[in-house]
Amino acid sequence: MFANIGWGEMLVLVVVGLVVLGPERLPGAIRWTAGALRQARDYLSGVSNQLREDMGPEFDDIRGQLSELQKLRGMTPRAALTKHLLDGDDSIFTGNFDAPASDKPESPARPEPPAPPGAPDRTPFDTDAT
């Protein structure tokens, strides 16, 4: 539930709690919140254990189906199209219409053409140009 809250967010919550509740009531509010979260977690784990005992091996089947549903939930239209119709080749979306990288033969590196004598090593960069 709070897996994506970092230390910075926790510090902001404590400061806001300190301003809103004051230093006298903040420790009690933190204890109450921690106790409520602990009770909710214990209740949910108890429900899960009770379901596991009541359903037996069918519980694992349902969990497998729910995990498949969760995978489908995260499937975007682009990912679904790429996976099912294009066999994972997303070159149509990236603009790279050459053969997929795994099918391309390794081409030897071409040397850079030599610069004319007296030419600067690089093209000058004008910081004032827009």
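Residues numbered from 1 in each chain as written. Predicted model: local features only at pLDDT ≥ 70, side-chain atom pairs only at ≥ 80, totals over all residues. Heavy atoms only, no water.

The name that an unreviewed UniProt entry assigns to the protein chain is Sec-independent protein translocase protein TatB, with the source organism given as Mycobacterium gordonae. Reading the Sequence similarities (unreviewed entry) entry of the UniProt record for the protein chain gives the comment "Belongs to the TatB family." (UniProt positions renumbered as here; feature names shortened; annotations may be inferred.)

1. Here's the deal with the overall build of the protein chain
The helix and strand inventory of the protein chain stands at four helices and zero strands. N-terminal to C-terminal, the α/β element order of the protein chain is α-α-α-α. Here the protein chain holds 130 residues, and the buried ones make up 5% of them. As displayed, the protein chain offers around 12,100 Å² of accessible surface, 61% of which is attributable to carbon and sulfur atoms. (Helix = DSSP H or I, 4+ residues; strand = E, 2+ residues; numbered from the N terminus. Buried < 20%, exposed > 50% of the residue type's maximum accessible area, 1.4 Å probe, protein only. Areas by Shrake-Rupley, 256 points an atom, 1.4 Å probe, with all protein chains shown as cover.)

2. Examining a nonpolar patch on the surface
There is a patch of nonpolar side chains on the surface, built from Leu11, Val12, Val15, Val16, Val19 and Val20 and spanning about 580 Å² of accessible area. Relative to the elements of secondary structure, valine 15 occurs in helix H1 (residues 7–55). Classification of valine 15 as partly exposed rests on a relative accessible area of 43%. (Patch = residues over 30% accessible without salt bridge, like charges linked within 9 Å, V, L, I, M, F, W, Y side chains within 5 Å. Salt bridge = Lys/Arg side-chain N within 4 Å of Asp/Glu carboxyl O.)

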